[in-house]
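Understanding the architecture of this molecule
Given next are the chains, with one letter for each unit.
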Amino acid sequence: MRRAPFSRCLGLVAALAVTSMATGDPPTVTETSIAGRSVDRVLLPAVPGVPSPAWVLLTSGSDEALRIDFFAPRLSDAPVTLSSTLPEGSDALAVFDLDGDGDVELLVGGDGWLASLGPIADLARSEGDVLPRRHGRVEAPGLDLAAMERAGLLAGGGPDLPLATAGRLRIERAGRIVDERALPSRARRSATGIVLSSPPVQRLPDGRWIVGPEAHGDLRLRSLVLPAAGDAGNRVEAWSRFRGPETVATARYTLLDGAPALIATTFRADKLGIFERQKLRIFHLGTDRTREGGGPQFETITESRRWQRAEAHLVELTGDDRQDLLLIHAKGLGGKELLVDTWEGRGGGRFGPEKRRSALPFQSLDWHYGMDLTGDGIPDLLAAGEDGITLFAGTPAGEKRPIERDPRWLFRLPTVPKDAVEETEVSVSVGSDGASAETIYSHYHFDVGTEGVLIERNVSWGSEARLQMFFLDPAGAGSEVKTMRIKCNK
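Treat the numbers as computed from the prediction; the structure is a model and nothing was measured.

Cut-offs used in this document
Residues numbered from 1 in each chain as written. Predicted model: local features only at pLDDT ≥ 70, side-chain atom pairs only at ≥ 80, totals over all residues. Heavy atoms only, no water. Helix = DSSP H or I, 4+ residues; strand = E, 2+ residues; numbered from the N terminus. Buried < 20%, exposed > 50% of the residue type's maximum accessible area, 1.4 Å probe, protein only. Contact = heavy atoms within 4.5 Å. Areas by Shrake-Rupley, 256 points an atom, 1.4 Å probe, with all protein chains shown as cover. Pairing = 2+ DSSP bridges. Axes fitted to C-alpha atoms, helices over the stretch in contact; angles between N-to-C directions. Patch = residues over 30% accessible without salt bridge, like charges linked within 9 Å, V, L, I, M, F, W, Y side chains within 5 Å. Salt bridge = Lys/Arg side-chain N within 4 Å of Asp/Glu carboxyl O. Core = buried A, V, L, I, M, F, W, Y, C linked by side-chain atoms within 4.5 Å. pLDDT = per-residue confidence, 0-100. Phe/Tyr/Trp six-rings, centres within 6.5 Å; stacked < 30°, edge-to-face > 60°. Lys NZ or Arg CZ within 6 Å of the ring centre and 35° of its normal.

We now examine the overall build of the chain. A count of helical and extended segments in the chain gives one helix and 37 strands. In the chain, buried positions account for 52% of the 490 residues. Intrachain contacts of the chain at a sequence separation of at least 6 include 50% that bridge at least 24 residues. Of the roughly 21700 Å² of accessible surface on the chain, a fraction of 47% belongs to carbon and sulfur atoms.

Okay, structure coming up:
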């Protein structure tokens, strides 16, 4: 293994190491360092006049003042500050066509509000002074831009903006209300009075809205499927039933062979088991006027414990145009291996009984599966752990293993000096076209696509904070360490 040159930034000695594994070449590495701490970041979609990839960063300075930086690592190894004058309470970024004119805009949000900072195409023309004038603002009780991103409510890119409040889903288009839907709500007592709340809202890939899951006791879940904006179709009230008392740990909605489905991980509700393994349940969501609830179409027990991840994906693995099931979960109390289980799809939301299992020799804290980082059109797995960030490539349809056992490369973060403190969060962003995934683990998180990997680390020296960024560019692969440009802003 060869190491890149050393660079000293305010006492930091940064040694970058990318190890080329037997089956592939590592990416090019670019490192930079700026003052402040990371608050949020968004990957910009492909837009004429905007370099790719490019990130906009929301950063907090040592004086707690917020600023927005623009970072296009293939053009420059130094981010450009676009604005240091932001609405008070800003804590999230997103991209969306808020005014419906066809130009994707940069959004900033806080507690109960979001505002447009103008078209992202203007970012490439900025001279590093200020962003375009704010020309759109939306306010609603409980509005949370970061939560909307996680739920996929902005995945359509605009202009239909969903605003969910207690008891009501409102769809706005260019500042006008174009649709409204009633949501179930519940009242609870708090120290300040009665509080109304509704279950979370998610968006299905076909444009329909889905509300839930809402627990009714420890045996049943209710989900509401609502028509897409402007569609006069009827809503579907679906009920799901566990075989025994269970509580939901994670839940997400998707389309399984064209029909709405709920994918959930659960634990026992009648007994607390510290080392209990998570259960995977998949429910079909159809009309149920009896409210009894249908049992799971698919169920299994994973190897992941309460503190570990277990994640199911619907993918096409066999070449028959049917959705297969792929489950990634951790083995052992310390997650010493990642297990990949697959079941062949039979159509109609059903899976075959035979399970195929393969193990990846990597102790992972977090991972992302689904984006192509090797350029062959096949989903890959990017895993993050104590040893670093590693890439496992996907295999062609029909192979016994959906993911190669041997990693393509391993990137190790440089150690911090003895007089510095590494803060708890290290974030990992990978991507193109604005594709992003939710933050799932406090130490790592992923925004994933095909253009490269952005790793952020907050480091502090006494009262001074620095944000380190490492860009791993798969387009530059071809040797152990192709180049490393280091910029340490003063």
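Our next topic: unusual backbone geometry. Glycine aside, residues mostly have negative phi angles, and peptide bonds mostly take the trans form. In this structure, Pro 53 follows Ser 52 across a cis peptide bond, with omega equal to 0°. With an omega of -5°, the peptide bond between Gly 212 and Pro 213 qualifies as cis. Within the secondary structure layout, Pro 213 lies in strand S19 (residues 209-216). Although it is not a glycine, Ala 174 adopts a positive phi angle of roughly 55°. Tracing the sequence through the fold places Ala 174 in the loop between strand S14 (168-173) and strand S15 (176-182).

Looking now at the sheet that holds strand S9 (residues 92-96). Pairing is antiparallel across the open sheet formed by four strands, whose spatial order is S9-S10-S11-S12. Looking along the sheet, the strands with just one partner apiece sit at the ends: S9 and strand S12 (136-139). Neighbouring strand axes in the sheet, compared pairwise and without regard to direction, differ in orientation by 25° on average. Bridge count for strand S10 (residues 105-110) against strand S11 (residues 113-119) is five bridges, and the pairing is antiparallel. Each residue of the ladder has a partner; that of Gly 110, found in S11, is Trp 113.

Moving on, we come to a nonpolar patch on the surface. Side chains of Ile 274, Phe 275, Trp 307 and Leu 333 sit close together on the surface and give an oily, nonpolar patch of about 450 Å² of accessible area. Turning to its location among the elements, Trp 307 is positioned in the loop between strand S25 (298-301) and strand S26 (310-315).

To continue, consider the nonpolar core. Counting residues in hydrophobic clusters, the biggest one holds 23 residues, and the most contacted among them are Leu 114, Met 148 and Leu 161. Looking at this core, the elements with two or more residues in it are S9, helix H1 (145-150), strand S13 (160-165), S14, S19 and strand S20 (220-226). In this structure Met 148 touches Leu 114, Leu 143, Leu 153, Leu 154, Leu 161, Pro 162 and Leu 163, once residues within four positions along its chain are discounted.

Turning our eyes to something else, we now look at the confidence of the model for the chain. Scored by pLDDT, the chain comes out at a mean of 80, with 81% of its residues at no less than 70. Scored below 50 in pLDDT, residues 478-490 makes 45 contacts in the model with residues more than four places away or belonging to other chains.

Attention now goes to the pairing of S14. Here six bridges tie S13 to S14, and the two strands are oriented antiparallel to one another. Note on S14: the bridge partner recorded for Pro 162 is Ile 171. Between the end of S13 and the start of S14, which pair antiparallel, lie two residues, with Gly 167 showing a positive phi angle near 85°. Summarising the sheet, S14 and S15 pair through six bridges and their orientation is antiparallel. Directly across from Arg 173, in S15, lies its bridge partner Arg 176. Counted along the chain from S14 to the antiparallel partner S15, the turn is two residues long, and its residue Ala 174 has a positive phi close to 55°.

All right, on to the pairing of strand S17 (residues 193-197) then. As paired strands, strand S16 (residues 186-190) and S17 are joined by five bridges and run antiparallel to one another. Among the inter-strand pairings, Arg 186 is bridged to a residue of S17, identified as Ser 197. Following S16, the chain reverses through two residues before pairing antiparallel with S17.

With that settled, consider the sheet that holds S20. The antiparallel open sheet is built from four strands, whose spatial order is S18-S19-S20-S21. Only two strands of the sheet have a single partner each, and these edge strands are strand S18 (201-203) and strand S21 (236-241). Strand after strand, the sheet turns through a mean of 25° between neighbouring axes, direction not considered. Where S18 and S19 come together, three bridges link them in antiparallel fashion. Residue pairing in the sheet places Val 201 in a bridge with Val 211 of S19.

Further remarks concern the packing of aromatic side chains. Enumeration according to the criterion identifies seven aromatic pairs in this entry. Relative to Phe 351, the ring of Phe 298 has its centre 5.7 Å away and its plane inclined at 75°; by these criteria the two rings are edge-to-face. Highlighted residues: Phe 298 in strand S25 and Phe 351 in strand S29 (residues 350-360), separated in sequence by 53 residues. By relative accessible area, Phe 298 is classed as buried at 10%. Here Phe 351 falls in the buried class, since its relative accessible area comes to 13%. If you follow Arg 309 out to its NZ or CZ, it ends over the ring of Trp 367, 4.3 Å from the centre.

Counted under the stated rule, the structure contains 26 salt bridges. Across the salt bridge formed by Glu 139 and Arg 137, the nearest N and O atoms sit 3.0 Å from each other. Overall, Glu 139 belongs to the exposed group, its relative accessible area being 55%. On the basis of relative accessibility, which here comes to 43%, the residue Arg 137 falls in the partly exposed class. Lys 331 serves as the salt-bridge partner of Glu 337, at 3.8 Å between the closest nitrogen and oxygen.

This next bit is on the environment of Ser 84. When you line up the elements, Ser 84 lands in the loop between strand S8 (80-83) and S9. You can call Ser 84 exposed: its relative accessible area is 56%. For the pair Ser 84 and Ile 68, spaced 16 residues apart in the sequence, the C-alpha separation amounts to 6.5 Å. Contact partners of Ser 84, with chain neighbours within four places excluded, come to Leu 66 and Arg 67.

Turning to the side chain of Arg 305, a few remarks are in order. For Arg 305, the location among the structural elements is in the loop between S25 and S26. Once residues within four sequence positions are removed from consideration, Arg 305 is found in contact with Phe 275, Glu 276, Arg 277, Gln 278 and Leu 333.

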